[in-house]
Amino acid sequence: NGADFNAFSQRSDRFSAVFDDKQVAVFENRQVLPRAFLVPASGVEVTPESAAQLARIKDRGFDPRSSVILSRMPSTMPNPSAPEASLESDVELVDRNTSSYRFRVRSPQAAILVLSQMHDAGWTASIDGNDTDTFEANYALTGIAIPPGDHDVRVAFRPRSLAIGALVSIASLAILAVLSRGFVR
């Protein structure tokens, strides 16, 4: 509607109209975040309550490039140091397919790797071949605690429901095989 169009149009620092035919308008978000990015450990804000996390993210002063909202500090995250002038870091997507990603990550200090995807308990991660936890970051995205240095980070979607379904299917086939032997004789 016209009010929504005007609201987006007035935020010219973030959105610009790329198409408008009076019924449909399409805007480009010029501040869109990359698929994966690092936030230094000094930018971690621990906020246990979901409503407070959402309120903080909606705050116009919240900058997801320098702050990340977590419900608790990850056990693998060292105590944050004083903020550095800039986080000279790099996240490179090395490989991806429908259910996994591989990143090359370089950071001089501990950081949170934020993936611009919804967090789910089925996401697993490893750093340099060692399993590590994934967790909810910025209310709904996926986060991984990254130690200082250069690392190979792999993230894969392996929901338990898939494994349980496979086990049930195999058990069902085994039962059918046993039962069908009794009917063949």
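The structure under discussion appears in the preceding block.
Okay, so let's go over this structure.

### What to know about the sheet that holds strand E11 (residues 135-137)
Taken together, 4 strands build an open sheet; the order of strands is E3-E8-E12-E11 and the sheet is antiparallel. Looking at the sheet topology across the chains shown, the edges are occupied by strand E3 (36-40) and E11. This sheet shows a mean twist of 45° between the axes of neighbouring strands, independent of strand direction. Across 6 bridges, strand E8 (residues 111-118) lies against strand E12 (residues 141-146) in antiparallel orientation.

### Some words on the nonpolar core
The biggest cluster of nonpolar side chains holds 15 residues, and the ones touching the most others in it are Phe103, Leu113, Ile144, Ile146, Val153 and Val155. Where this core is concerned, the elements lending two or more residues are E3, strand E7 (100-107), E8, strand E9 (123-127), E12 and strand E13 (149-157). If we ignore the near neighbours within four places in the chain, the residues touching phenylalanine 103 are Ala36, Val91, Glu92, Leu93, Val94, Leu113, Leu115, His151, Asp152, Val153 and Val155. Ranked by size, the runner-up nonpolar core spans 13 residues in total, among them Val44, Leu70, Ile112 and Ala145.

### Digging into the sheet that holds strand E6 (residues 90-97)
Spatial ordering of the open sheet is given by E6-E7-E13-E9-E10, a layout of 5 strands whose pairing is antiparallel. What marks the edges here is a single partner per strand, and that holds for E6 and strand E10 (130-132). Going across the sheet, the axis of each strand differs from the next one's by a mean of 25°, ignoring polarity.

### Examining the packing of aromatic side chains
Across all of its chains, the model carries 3 aromatic pairs by this definition. Arranged with centres 5.9 Å apart and planes meeting at 20°, the rings of tyrosine 101 and phenylalanine 103 form a pair that is stacked. Per residue, the accessibility class of tyrosine 101 equals that of phenylalanine 103, and both read buried. Ring centres of tryptophan 123 and phenylalanine 157 lie 5.1 Å apart, and the angle between their planes is 50°; on these two criteria the pair is classed as tilted. Remark: phenylalanine 157 occurs in strand E13 and tryptophan 123 occurs in strand E9; sequence separation between them is 34 residues. Since its relative accessible area comes to 31%, phenylalanine 157 is described here as partly exposed.

### Brief notes about unusual backbone geometry
Even without a glycine there, the phi angle at asparagine 138 is positive, about 55°. Assignment of secondary structure puts asparagine 138 in the loop between E11 and E12. Positive phi outside glycine occurs at tyrosine 139, with the angle close to 75°.

### Thoughts on the environment of glycine 122
Among the structural elements, glycine 122 can be located in the loop between E8 and E9. Distance from glycine 122 to threonine 134, taken between C-alpha atoms, is 9.3 Å for residues 12 residues apart in sequence. Among residues more than four places away in sequence, those in contact with glycine 122 are Ala156, Phe157, Arg158 and Pro159.

What counts and what doesn't
- Residues numbered from 1 in each chain as written.
- Predicted model: local features only at pLDDT ≥ 70, side-chain atom pairs only at ≥ 80, totals over all residues.
- Heavy atoms only, no water.
- Pairing = 2+ DSSP bridges.
- Helix = DSSP H or I, 4+ residues; strand = E, 2+ residues; numbered from the N terminus.
- Axes fitted to C-alpha atoms, helices over the stretch in contact; angles between N-to-C directions.
- Core = buried A, V, L, I, M, F, W, Y, C linked by side-chain atoms within 4.5 Å.
- Buried < 20%, exposed > 50% of the residue type's maximum accessible area, 1.4 Å probe, protein only.
- Contact = heavy atoms within 4.5 Å.
- Phe/Tyr/Trp six-rings, centres within 6.5 Å; stacked < 30°, edge-to-face > 60°.

Taken by themselves, the reported measurements are silent on function.
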